[in-house]
Amino acid sequence: MGFNDQLGMANSWYAETATPAPSRPSLTEDREVDLVIVGGGCTGLSAALHAAERGMSVVLLEGGRIGWGASGRNGGQMIPGLRKSAVELREALGLDRARALLDLAFEARSLVLELIARHAIDCDLRLTGHILGAAKASDLRWMEAEAECLGGQMAYPHVEVLSAAQTRAEVATEYHGALVDRLGGHMHPLNYALGMAQAAEAAGAAIFEDSPAMAIGETSAGVEVSVGQLRVRAKQAMLAGDALLHGIDAAVERRIMPVANYLVATAPLADPAAIIAHDQAVSDSRFVVNYYRLSRDGRLIFGGGERYSPDPPADIAAFVRPHLERVFPQLSGVRIDHAWGGLVSITRSRLPHLGRHGEVVFAHGYSGQGVLLSTLAGRLAVEAVCCDVDRFARFASLAPPPFPGGEALRGPLHTMGMLWYALRDRL
Ligand SMILES: Cc1cc2nc3c(=O)[nH]c(=O)nc-3n(C[C@H](O)[C@H](O)[C@H](O)COP(=O)(O)OP(=O)(O)OC[C@H]3O[C@@H](n4cnc5c(N)ncnc54)[C@H](O)[C@@H]3O)c2cc1C
C-alpha cells in the first residue's frame, strides 16, 4: 500500500469522482530551491502557490498522491472560525487578542473562495451555511452565549440560534436547537486540492509525488531534505505533513494526536431535501462528532465514530452505519456505496499549531476544522518565510502544549482521555 493510500481512500466517493489529474513524477535528481515543502495537502499546496506567486523557486514533496491525505478525504464541511469557541477564546486571551485571532481565522473562508474563483476550481462549492445541532439541552445555552459574543464583541453577525422546531425544519433529526453560521458551506475537498495543485504548478512550483521525505536537517546555507539518496537543498523548508508526517520531526509531531475518523457515502437518496432541507453542512455538538451533508448527486456523506487505535475496523461501512442510523432512523438499511477513513490531527488546545524552528516553518493540528484553515495556514507560513511574521505570530504565540507521556505513552494516555469524553456524550 502506498504512502497515503491507507484507510480505504481508493474506495472514497471523492476518489471515484475526482477531476482527472496528471500523475506527477517522483523526484529523480538533486534540486536546489528557495523553499522545499513536505506534504501535498491543502497546507502545503497553498504554501507552494503563495510562495511561487511571490517569485520563489519551490519544490513540493508528496510521499503518496496529491490530496490523498486528510485534505482529499474529509467531510468537506467549510466551518468558519476555529474549533475553540469565541467565548472560550475571549476568556483565555482577552477580547483584543481573541478578536485578532478570530478575524484572521475568518479570513480563511474569503481566501478559499477567492482561490476557487481565481483559478476556476470546480469543486462543487455550496455556500449554504453550516448548522451545529445541539445534542443536549444544555448545549443550547452556550450556543446562545456564543452567538451573542460573535455577533457583538467579535463583530461577526452571520450566526443565529435556531429553536428545536426551526432546526427540525432544516434537518430531519432531533436536536434541541442549533447554532447556524450562514457563511458556512461545503465542497468536494479532493477536487479543491487537485485544483490548488494545478494552480501552484501554473505559478511555477514543482510538485513531486511518491517522493517521501525521510529526514530534514539544517546546513550552513539553509536546510536539506532527503528523499532516499536524493537531496533537496533550500534556503527554508516547510513541514505540511499533518497527521502523516511519519517521524521526521519528533518535536513538531508531539504537539498533535492523530485520531482515526470514518465516513460513508450512501446510495443517492430518493428525496435528499427530506433529510437536509437547504443543502447545508451539518455537524453536532457531541464530543465524538457526527457530521454530514449531501453530495451533488444526492448522497448523504456521513462521518461518525472515532477510533483511538491505529487499526481500521475490518468493515468501515458497518462501523459507521449505527451512527448514521441513530441520527436518521428513517434511513435504516440504506445502501452504502462508499466507506473510507482518515487521520484527524488534534492539538491539546484545539487551536492550530504554527511555528518555526530555525529555517523550518510548520503548520498542522487544525483539530477537525482544517478545510478552510489549512489554506490560510499555507499562506501565513509563506508570509513568515518572507519575514512578514505579524499574522503568523498570532497563531505561533499560542503553541499548544505537547501531549504528555512521550512517544510511547502519548497514544494510550490520550485514548483514555478521549474514551472518557466519548462516554460523557452518552450520559
Ligand atoms: C476523516 C476526516 C474528516 C474531516 N472532516 C473535516 C471537515 O468536514 N471540515 C474540516 O474543516 N476539516 C475536516 N477534517 C480536517 C481536515 O481535513 C485537515 O485539517 C486538513 O485537510 C489538513 O490538511 P493538511 O494539508 O495539513 O494535511 P493533509 O491533507 O493530511 O496533507 C498532508 C500530506 O503530507 C504528506 N506527507 C506527510 N509526511 C510526508 C513526508 N515525510 N514526505 C512527503 N509527504 C508527506 C501526506 O501524504 C499528505 O498527503 C477532516 C479530517 C479527516 C481525516
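Our structure is the block above this text.
In this text, all values refer to a predicted model and were calculated from it rather than measured experimentally. (Residues numbered from 1 in each chain as written. Predicted model: local features only at pLDDT ≥ 70, side-chain atom pairs only at ≥ 80, totals over all residues. Heavy atoms only, no water.)

A. Spatial organisation of the overall build of the chain. Helix and strand content of the chain: 12 helices and 18 strands. Radius of gyration (C-alpha) of the chain: 21 Å, near the 22 Å computed for a compact globule of 427 residues. Each principal axis of the C-alpha atoms in the chain carries an extent, and together these give about 65 × 45 × 45 Å. Relative to its full complement of 427 residues, the chain shows a buried share of 58%. Considering only contacts within the chain whose residues lie at least 6 apart along the sequence, 74% involve residues at least 24 apart. By element, 53% of the accessible surface of the chain is carried by carbon and sulfur atoms, the whole surface being about 16900 Å². In the chain, 39 side chains carry a positive charge and 47 a negative one; their mean positions are 3 Å apart. (Helix = DSSP H or I, 4+ residues; strand = E, 2+ residues; numbered from the N terminus. Rg over C-alpha atoms; globule rule 2.2 N^0.38 Å. Buried < 20%, exposed > 50% of the residue type's maximum accessible area, 1.4 Å probe, protein only. Contact = heavy atoms within 4.5 Å. Areas by Shrake-Rupley, 256 points an atom, 1.4 Å probe, with all protein chains shown as cover. Lys, Arg positive; Asp, Glu negative; His and termini not counted. Charge placed at Lys NZ, Arg CZ, Asp CG, Glu CD.)

B. Examining the packing of helix α4 (residues 95–118) against helix α10 (residues 370–385) more closely. Where α4 contacts α10, the axes come no closer than 8 Å and their chain directions differ by 95 degrees. The orientation of α4 relative to α10 falls into the category roughly perpendicular. Of α10, the residues touching α4 (which contributes L104, A105, E107, A108, R109, L111, V112, E114 and L115) are L372, L373, T375, L376, R379 and L380. Split by residue class, the contact of α4 with α10 holds 10 nonpolar, one polar and four charged. (Axes fitted to C-alpha atoms, helices over the stretch in contact; angles between N-to-C directions. Parallel < 35°, antiparallel > 145°, perpendicular 65-115°, else oblique. Nonpolar A, V, L, I, M, F, W, Y, C, P; charged D, E, K, R; others polar.)

C. Representation of the packing of helix α3 (residues 86–93) against α4 within the structure. Between α3 and α4, whose axes approach to 7 Å, the crossing angle comes to 135 degrees. For the element pair α3 / α4, the angle class is oblique. The hand of the α3/α4 crossing is right-handed. When α3 is examined against α4, the residues A86, L89, R90 and L93 are found in contact with a partner set consisting of L95, R97, A98, L101 and L102. Per-class residue counts for the contact of α3 with α4 are seven nonpolar, no polar and two charged. (Left-handed = near helix turned anticlockwise from the far one by under 90°.)

D. Up close: unusual backbone geometry. For A155, which is not a glycine, the phi torsion comes out positive at approximately 50 degrees. Mapped onto the elements, A155 comes out in the loop between α5 (137–151) and β5 (159–162). What makes A155 partly exposed here is its relative accessible area of 44%. If you check the backbone angles, D210 has positive phi at about 50 degrees while not being a glycine. With respect to the helices, strands and loops of the structure, D210 is situated in the loop between β8 (206–208) and β9 (215–219).

E. How the structure looks around the nonpolar core. The biggest cluster of nonpolar side chains holds 85 residues, and the ones touching the most others in it are I37, L82 and Y192. What Y192 contacts, discounting residues up to four positions off in sequence, is C42, V112, L115, I116, I121, C123, M187 and T375. Grouped together as the second largest cluster of nonpolar side chains are 28 residues, L7, Y175, V264 and I276 included. (Core = buried A, V, L, I, M, F, W, Y, C linked by side-chain atoms within 4.5 Å.)

F. Here's a closer look at the site of the ligand. Contacts to the ligand come from 38 residues, most closely from T43, E62, G63, S71 and A213. Contact distances for the ligand include 3.1 Å between an oxygen atom and a backbone N or O atom of G370. Protein burial of the ligand: of its 1000 Å² of free accessible surface, 98% is covered by the chains. Listed by contribution, the elements that provide at least two residues to the shell around the ligand are α2 (42–53), β12 (257–266), β16 (336–346) and α10. Residues of the shell around the ligand, tallied by class, amount to 16 nonpolar, 20 polar and two charged. (Near = heavy atom within 4 Å. Polar contact = N/O pair within 3.5 Å; in protein donor to acceptor, adjacent residues only side chain to side chain.)

G. Layout of the pairing of strand β4 (residues 130–133). Burial of the side chains of β4 extends over both faces: H130 and L132 are buried on one face and I131 and G133 on the other. Relative to strand β6 (residues 178–181), β4 runs antiparallel, the two sharing four bridges. Bridge pairing in β6 places G133 opposite A178. Where β4 lies against strand β13 (residues 281–284), four bridges are found, and the strand directions are parallel. Across the sheet, the residue bridging to H130 is A281, located in β13. (Pairing = 2+ DSSP bridges.)

H. Representation of the pattern of salt bridges within the structure. This model, assessed by the stated rule, comprises 19 salt bridges. Salt-bridge contacts for R118 lead to E53; the nearest nitrogen and oxygen are separated by 2.9 Å. Of this pair, R118 sits in helix α4 while E53 sits in helix α2; the two residues are 65 residues apart in sequence, bridging distant segments of the chain. Residue E53 is classed as partly exposed on the basis of its relative accessible area, which comes to 38%. Salt-bridge contacts for R335 lead to D337; the nearest nitrogen and oxygen are separated by 2.8 Å. On the basis of relative accessibility, which here comes to 54%, the residue R335 falls in the exposed class. (Salt bridge = Lys/Arg side-chain N within 4 Å of Asp/Glu carboxyl O.)

I. Up close: the state of the cysteines. Across all of its chains, the model carries zero disulfides by this definition. Left without a disulfide partner, C42 is nearest to the cysteine sulfur of C123, which lies 9.6 Å away. You can call C42 buried: its relative accessible area is 3%. In this model C386 remains outside any disulfide bridge; the closest cysteine sulfur is found in C387, 7.2 Å from its own. When its relative accessible area of 30% is taken as the criterion, C386 is described as partly exposed. (Disulfide = S-S within 2.5 Å.)

J. Focus on α3. Buried residues of α3: A86, V87, L89 and L93, and no others. Projection of α3 onto a plane perpendicular to its axis shows the buried side chains occupying an angular sector of 165 degrees, all on one side. Structural note: α3 exposes E91 and A92 on the side pointing more than 90 degrees away from its buried face. Buried residues belonging to α3 abut α4 and α5. In the segment just after α3, G94 is the residue with positive phi, at about 85 degrees. (Arc of directions from axis to C-beta.)

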